[in-house]
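So the chains spell out like this:
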Amino acid sequence: MNWISNYVRPRINSLFSRREMPENLWSKCDSCGTMLFHRELRDNLEVCTGCAHHMPIAPRRRFEALFDGGIFTEVKVPAPVSDPLHFRDQKKYPERLRAAQKETGEAEAMLVAEGEIGRTPVVAAAQDFRFMGGSMGMYVGNAIIAGAERAVALKRPFILFAAAGGARMQEGILSLMQMPRTTVAVEMLREAGLPYIVVLTHPTTGGVTASYAMLGDVQIAEPGALICFAGPRVIEQTIREKLPEGFQRAEYLLDHGMLDRVTDRRSLRDELITILRMLLRLPPAVKGDLPPPEPEPAAAAEAPSDAKA
Amino acid sequence: MITYLEFEKPLSEIEGKAAELRALAKSGEGVDLSKEAEALDRKAAEMLRELYKSLSPWQKCQVARHPNRPHCKDYIEALFTEFTPLAGDRNFADDQAVMGGLARFDDRPVIVIGHEKGHDTQTRIARNFGMARPEGYRKAIRLMDLAERFGLPVITLVDTPGAYPGKGAEERGQAEAIARSTQKCLQIGVPLVSAIIGEGGSGGAVALATADRVAMLEHSVYSVISPEGCASILWKDAEKMREAAEALRLTAQDLAKLGVIDRIVPEPLGGAQRDPAASIAAVGKALGEMLAELDGKTGAQLMKARRRRLLDLGAKGLAA
């Protein structure tokens, strides 16, 4: 262990004369092991202040940091039929769903929202890896379609933050069918002439990579993200040899021509604004912290459950 | 020589005995054994009927993977004339796990594309057991583009364990190639019909099976993951593939209920491997009928309906 956990933490505990310190105030960097204070980590968008390792970020938190003034309106996603196959492995699928809902506080593995970034109106969707590995089932399919339809209706670009282990096995063939289904959403955007930007985050694998997550007009990845179709373990078992260092990581894909850019999460917002405004042939954005835009009355009326920063 | 599946073992014993008796009779021992042989034949036929009357999903997986099952090449040779293979992705290689080209189907020029598994050690290795690399999907994309340019219908024959999980395949963009192939299926304004003739393995199958009409042989399977893979992830035990096959709903019968496929093509008794010609003819009939259903539709109508079908898919689950 290091000196923070052995020395500083007990000291802080004694300072506040509390016998128990909530575990979640500190977290350890997955990569360098540095202990990070939660508020500092949060302000740094869950990027390690020591080694710049990118840790998972919840979609809601990502949107708070992405949209101007942290203000966005959720796009309603039509609820699919739940547990369509009556799937049961060691646990029943509805039980797994409920556990994930409790753990994340979210309804499902994707959040869709509309708002402005750098005064550029957009629709964005973010996949939640904490929710059953971000897996793509009917809900995620519906979310992407709802997001694309909303973008087309409002004539706005669509930004998608991907993070998933792949398709949701508990929905069997219907999860597989989300590959062509979400591709229909991509086609809607393409035909409407709207930019579709994909940000690949750690990890994006399987059927998700092999559908909407690889079909962006611009493909950006966060540093160190694992991006693949078949995972490294499956490949090692198949070819029976060790894979090279950094195999299937964002930088490796960039080297192999599979991505446009690898961008640090902390500069991603500015980069998205820059790219979008050029694709939309708008003048350059004014950089800096912008005050939140006036809330749109129409959008607010539609979705009263506005998320607040 | 028939290859017997694990669950067909009792059958193999009876059929083996019948063959032995016949051989004995032929060698002229003088005893008339034909009656006994016939009795065994009847028993075997009865057993075959019983076995195939209610195959479990896992047994269907085994039938779908049967080495003697007719493969893409057999279908193309029997159902098409003037087949002219077209090769290569124009970027890197020709992937033999995907075969395709120009051909005539009922005299009508078409583009045919399919996964080919191979039938002996040498061809299986050459075909990589039907597991395509990015070049295979990029060849398919190229052929679909050709079909679109010249207004030819596309027929796809799906039979793959899945896309190949290899180092080079990943480096050359396996995921992107599959995604683009699926996208191309949605972009062509010509009729696109598909038949799943064996294994419909995950994304590798979707890349070719995103069609206007999808038919599936009675004992073929189509799934998001292999039962073994699913068992090892969700049950943490690859031996639970029977349970996984059950839970995944990967049979033609379940997929028809879910609206993922449009028709089930009946197989000869004992599976396609027992009578390849009959199976091939049945698939040919289904392909012809599906193409006829699309006659007279414009490219825009076809594409719109193809998308609508996907958008509406699965709205009701198994209760549909």
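Residues numbered from 1 in each chain as written. Chains lettered and ligands numbered in written order. Predicted model: local features only at pLDDT ≥ 70, side-chain atom pairs only at ≥ 80, totals over all residues. Heavy atoms only, no water.

## Structural notes on the domain arrangement of chain B
Residues and elements named next belong to chain B.
For step 1, the next point in the chain: Partitioning chain B into structural domains gives domain 1 (6-54) and domain 2 (61-319).
For step 2, the next point in the chain: In this structure, domain 1 and domain 2 have C-alpha centres spaced 36 Å apart.
For step 3, the next point in the chain: Taken together, the 8 residues of domain 1 in the interface contact 9 residues of domain 2.
For step 4, the next point in the chain: For the pair domain 1 and domain 2, the summed buried surface comes to about 720 Å²; carbon and sulfur atoms form 54% of the total. (Domains from an automatic or database assignment. Contact = heavy atoms within 4.5 Å. Buried area = accessible area lost by both parts, 1.4 Å probe.)

## Considerations on the pairing of strand S4 (residues 110-117) of chain A
Residue and element names in this part refer to chain A.
For step 1, the next point in the chain: The element S4 is extensively covered by neighbouring structure, given that 8 of its 8 residues are classed as buried.
For step 2, the next point in the chain: Side chains Met110, Val112, Glu114 and Glu116 of S4 all project onto a buried face; the interleaved residues Leu111, Ala113, Gly115 and Ile117 project onto the opposite face, where all are buried too.
For step 3, the next point in the chain: As paired elements, strand S3 (residues 72-74) and S4 share 3 bridges and run antiparallel to each other. Following the sheet pairing, Thr73 is matched in S4 by Glu114.
For step 4, the next point in the chain: Taken together, the 8 bridges between S4 and strand S5 (residues 120-127) define a ladder with antiparallel strand orientation. Bridging across to S5, Ala113 finds its partner in Ala124.
For step 5, the next point in the chain: In this antiparallel pair of consecutive strands, S4 and S5, the connection spans 2 residues, and Gly118 shows a positive phi of 55°. (Buried < 20%, exposed > 50% of the residue type's maximum accessible area, 1.4 Å probe, protein only. Helix = DSSP H or I, 4+ residues; strand = E, 2+ residues; numbered from the N terminus. Pairing = 2+ DSSP bridges.)

## Quick notes on unusual backbone geometry
Most peptide bonds take the trans form, and the phi angle of most residues other than glycine is negative.
For step 1, the next point in the chain: Pro203 of chain A follows His202 of chain A through a cis peptide bond whose omega is -20°.
For step 2, the next point in the chain: Backbone geometry places Lys236 of chain B, a non-glycine residue, at a positive phi of 55°.
For step 3, the next point in the chain: The topology assignment puts Lys236 of chain B in the loop between helix H10 (227-235) and helix H11 (241-248).

## Thoughts on the packing of helix H3 (residues 59-66) of chain A against helix H11 (residues 265-279) of chain A
All names here are of chain A.
For step 1, the next point in the chain: The geometry of H3 relative to H11 is characterised by a closest axis approach of 10 Å and an angle of 55° between their N-to-C directions. Relative to H11, H3 is oriented oblique. Note that H3 runs across H11; the crossing there is right-handed. Residue-level contacts link Arg62, Ala65 and Leu66 of H3 to Arg265, Leu268, Arg269 and Leu272 of H11.
For step 2, the next point in the chain: In terms of residue class, the contact of H3 with H11 is made up of 4 nonpolar, no polar and 3 charged. (Axes fitted to C-alpha atoms, helices over the stretch in contact; angles between N-to-C directions. Parallel < 35°, antiparallel > 145°, perpendicular 65-115°, else oblique. Left-handed = near helix turned anticlockwise from the far one by under 90°. Nonpolar A, V, L, I, M, F, W, Y, C, P; charged D, E, K, R; others polar.)

## Section: the packing of aromatic side chains
For step 1, the next point in the chain: Under the criterion given, the structure shown has 8 aromatic pairs over all chains.
For step 2, the next point in the chain: A ring pair is formed by Phe247 of chain A and Tyr252 of chain A, whose centres lie 5.3 Å apart and whose planes are at 75°; its orientation type is edge-to-face. Each member of the pair Phe247 of chain A and Tyr252 of chain A is classed as buried.
For step 3, the next point in the chain: The ring centre of Tyr164 of chain B lies 4.6 Å from the NZ or CZ of Arg133 of chain B, which sits over that ring. (Phe/Tyr/Trp six-rings, centres within 6.5 Å; stacked < 30°, edge-to-face > 60°. Lys NZ or Arg CZ within 6 Å of the ring centre and 35° of its normal.)

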